Amino acid sequence: MEAFIQYDFLRNAVITGVLIGFTAPVLGVFIVVRRLALITDALSHITLTGIAFHLFLSQTLSILTGLSPVYMGMVFAAAGSLLIEKLRLVYTAYQELAVPIILSSAIGLGVIFISLADGFNQDLFQYLFGSIIAVSRDDLAAVAGITAFVAVVLILFYNQLLFIAFDENQARVSGIPVKSMNLLFIIMTALVIATSMQLVGILLVSSLMTLPVAAALQVAKSFRQMFMYSVIVGESAVISGMISAFYLDVSSGGMIVLAALFLLFSAMMYRRASGRPVYHPGRQKETAAE
Amino acid sequence: MDDNHISTMVNMNNITFQRGNQTILSSIDLSVHKGEFLGLVGPNGSGKSTLIKIMLGLLQPDAGTVSLFEQPLTTFKHWERIGYVPQKAASVNLGFPATVYEVVSMGLFSKVGLFRFLNRHHKKKIDETLQQVGMLEYKHRNIGELSGGQQQRVFIARALVSEPDVLILDEPTVGVDAATVQRFYQLLSRLNEEENLTLLLVTHDVGVMTKYVSHVACLQQTLHFHGSAGDFEESDLISMYGENVEILSHQHGGHS
Ligand SMILES: Nc1ncnc2c1ncn2[C@@H]1O[C@H](COP(=O)(O)OP(=O)(O)OP(=O)(O)O)[C@@H](O)[C@H]1O
Ligand SMILES: [Mg+2]
């Protein structure tokens, strides 16, 4: 434990971890209940494209070398999120189509930038799978700013976001500006993903948004409890994952995801043991009382 | 807003709506006045739900204008004054881990605005409304764990909780048991008479039509009839539903 206090980079990593252990699952709650979990994958891949673009550009533009690639990742993620919103409106009946469209464009472009930028190097590997030594002061500042932004938005617009997630049409008829809210939400998601990926890695960041929520779904009895449990699981996974990654000298993203999976599994077991029936929305009619 | 002088709650002017090259609604003029209980009838696919969605701004008409509370729809802001129970409201996200209480409280969100906490008065109102639809004992149950009819009652409560001036109901009682339906219409009728609540109800239930509504509108792409329930003739129904209307009752009650 002492090492975490002693070394600057570890302290950065721990603070970052605690912050994203909160923001990722909180946004994840809305994402999961709206059945948009795959969007997080699309956004994380487009973040990678941004990072590859940065690495490519910094070969020729030396001013960029000092700057964290996360910023370019954030720009790409935000742009990608706008594109997804747009596509969701075009394919109202097949909203999930936005995901493969963005995902494949992101990977295609990303691969091109990567090969232009000398192929895979150690940096890129860190972004793919997460590393606790990758978190710089700059990155920490970005994460802190975004966490504050998320907190303010949630305090102000919790009701509106909850209503939209539950019933978009009804929310519209209640005078909630659904379109702007959706936009705000997806940009927020993109930024959280872009800033989480140093610790968790691009390939695993979506799991930090969905696994804690999946665990919370097992035990929560209300929307409020969903938040509580999701954050508890998210924080526990991040903290225990980081500590074990440091001592075992393995990727932090991998350990965080394993910790989250372990908690998800425990929640399932708990539910089973507590005798609460597992709820299947599709079979709702037969199992309902009355 | 001071609106005792407002008498036209909904006004639709020359509404036309097309999907592809199929005309769903053509040149509809319809207004609902304060205190009316308007029944909107028409066969399946005649455009009733479409008309209501246009009224609420959920669909854009190809031509025509809508105003609510004598304000153009585009600038209308007082959504808390309108309650809406969509057809098959239970088609919302059922895996959603929200309690009955949380769902009904959503009906208050446009009223409480940015402030996230409901006060004691709001909470009491939620309880009262749940009591009215007979769902109070399910307050802390998960919405997804209720039967279809119970869910529908919760959605009715959500529409009623903000004490709207206009309530728009698109076949609200489908799947609700007869006793509850009975109680529900008695409640509507009481709110209509005592609180001067304006009601627009889409229904295929002619019993309800003849017993409770004050005005009738028959829709089949165009408006075939719009007037007081007393003037409503069976021929209007026959011209619309075809000859086979025995299921429709003969007496139109004395209501007008
Ligand atoms: N999403 C849609 N896409 C294409 N056509 C639609 C859609 N929804 C409705 N329609 C068409 O619009 C017409 C009017 O539908 P609408 O739902 O308004 O009918 P309705 O009068 O409410 O019928 P019901 O009594 O069955 O509820 C129908 O011909 C229907 O086929
Ligand atoms: Mg309909």
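Remember, predicted model here, so these are calculated numbers, not experimental data.

Rules used in this analysis
- Residues numbered from 1 in each chain as written.
- Chains lettered and ligands numbered in written order.
- Predicted model: local features only at pLDDT ≥ 70, side-chain atom pairs only at ≥ 80, totals over all residues.
- Heavy atoms only, no water.
- Helix = DSSP H or I, 4+ residues; strand = E, 2+ residues; numbered from the N terminus.
- Buried < 20%, exposed > 50% of the residue type's maximum accessible area, 1.4 Å probe, protein only.
- Areas by Shrake-Rupley, 256 points an atom, 1.4 Å probe, with all protein chains shown as cover.
- Near = heavy atom within 4 Å.
- Polar contact = N/O pair within 3.5 Å; in protein donor to acceptor, adjacent residues only side chain to side chain.
- Core = buried A, V, L, I, M, F, W, Y, C linked by side-chain atoms within 4.5 Å.
- Contact = heavy atoms within 4.5 Å.
- Axes fitted to C-alpha atoms, helices over the stretch in contact; angles between N-to-C directions.
- Parallel < 35°, antiparallel > 145°, perpendicular 65-115°, else oblique.
- Left-handed = near helix turned anticlockwise from the far one by under 90°.
- Nonpolar A, V, L, I, M, F, W, Y, C, P; charged D, E, K, R; others polar.
- Expected span 1.5 Å × (residues − 1).
- Pairing = 2+ DSSP bridges.
- Donors = N, O, S within 2.8 Å, 3.2 Å for Na, K, Ca; no water.

**Q** How should I be thinking about the overall build of chain B in this particular structure?
**A** Helix and strand content of chain B: 8 helices and 10 strands. For chain B, the proportion of its 256 residues judged to be buried stands at 57%. Accessible area for chain B stands at about 11,100 Å²; split by element, carbon and sulfur atoms hold 47% of it.

**Q** Honestly, the site of ligand 1 in this entry has me stumped. Any pointers?
**A** Residues and elements named next belong to chain B. For ligand 1, the set of nearby residues contains 14 residues, the closest of which are Gly 45, Lys 48, Ser 49, Thr 50 and Gln 87. Between ligand 1 and Gly 45 there is a distance of 2.9 Å, counted from an oxygen atom to a backbone nitrogen or oxygen. A distance of 3.0 Å is found between an oxygen atom of ligand 1 and a side-chain nitrogen or oxygen belonging to His 204. Relative to its unbound accessible surface of 640 Å², ligand 1 loses 62% to contact with the protein. A total of 3 residues in the shell around ligand 1 trace back to one element, the largest contributor, which is helix 1 (residues 48-55).

**Q** Would you take a moment to explain the nonpolar core for this structure?
**A** Nonpolar side chains in soluble globular proteins tend to be buried together. Phe 223 of chain A together with Val 216 of chain B are the most contacted members of the largest nonpolar core, which has 140 residues in total. A total of 13 residues in this core trace back to one element, the largest contributor, which is helix 9 (residues 178-200) of chain A. With near-sequence residues (within four places) excluded, Val 216 of chain B lies in contact with Leu 38, Gly 39, Val 41, Met 209, Phe 225, His 226, Gly 227, Ala 229 and Phe 232 of chain B. Counting residues in each nonpolar core, the second largest holds 35 residues, with Val 10, Leu 51, Phe 69 and Ile 82 of chain B among its members.

**Q** Even after reading the chapter, I still don't get the packing of helix 11 (residues 223-248) of chain A against helix 12 (residues 252-274) of chain A, so can you show me in this structure?
**A** Any two packed helices are characterised by how steeply their axes cross, that is the angle between the axes, and by the distance between the axes. All names here are of chain A. Their axes nearest at 7 Å, the elements helix 11 and helix 12 cross at an angle of 135°. Between helix 11 and helix 12, the crossing angle belongs to the class labelled oblique. Helix 12 is crossed by helix 11, and the crossing has right-handed handedness. Contacts between helix 11 and helix 12 involve Val 233, Ser 236, Ala 237, Val 238, Ser 240, Gly 241, Met 242, Ser 244, Ala 245 and Leu 248 from the first element and Ser 252, Met 255, Ile 256, Ala 259, Ala 260 and Leu 263 from the second. A per-class count over the contact of helix 11 with helix 12 returns 11 nonpolar, 5 polar and no charged.

**Q** Explain helix 5 (residues 148-160) of chain B to me, please; I cannot follow it from the model alone.
**A** An α-helix turns once every 3.6 residues. As a result, residues three or four positions apart point the same way. Taking 1.5 Å of rise per residue, 13 residues should cover 18 Å, and helix 5 of chain B covers 19 Å from first to last C-alpha, within 8% of that figure. Summarising burial for helix 5 of chain B: 13 of the 13 residues are buried, a large majority.

**Q** How should I be thinking about the sheet that holds strand 3 (residues 37-41) of chain B in this particular structure?
**A** Adjacent strands of a sheet form backbone hydrogen bonds with each other and so pair up, either parallel or antiparallel. All names here are of chain B. Strands sit in the order 6-7-8-3-9-10 across an open sheet of 6 strands; the sheet is mixed. Edge strands, defined here as strands with exactly one partner in the open sheet, are strand 6 (82-85) and strand 10 (222-228). Each strand of the sheet is rotated relative to its neighbour by a mean of 10°, with strand direction disregarded. The sheet contact formed by strand 6 and strand 7 (residues 166-170) spans 4 bridges and is parallel. Across the sheet, residue Val 85 finds its bridge partner in strand 7, namely Leu 169.

**Q** What should I look at first to understand the coordination of the magnesium ion (ligand 2) in this one?
**A** Tetrahedral metal sites with four donors have an ideal angle of 109.5 degrees; octahedral sites with six donors have ideal angles of 90 or 180 degrees. On the protein side, the magnesium ion (ligand 2) has Ser 49 of chain B (OG) and Gln 87 of chain B (OE1) as donor atoms, found 1.9 to 2.1 Å from it. Pair noted here: Ser 49 of chain B is in helix 1 and Gln 87 of chain B is in the loop between strand 6 and helix 2 (100-106), with a separation of 38 residues, a long-range link.

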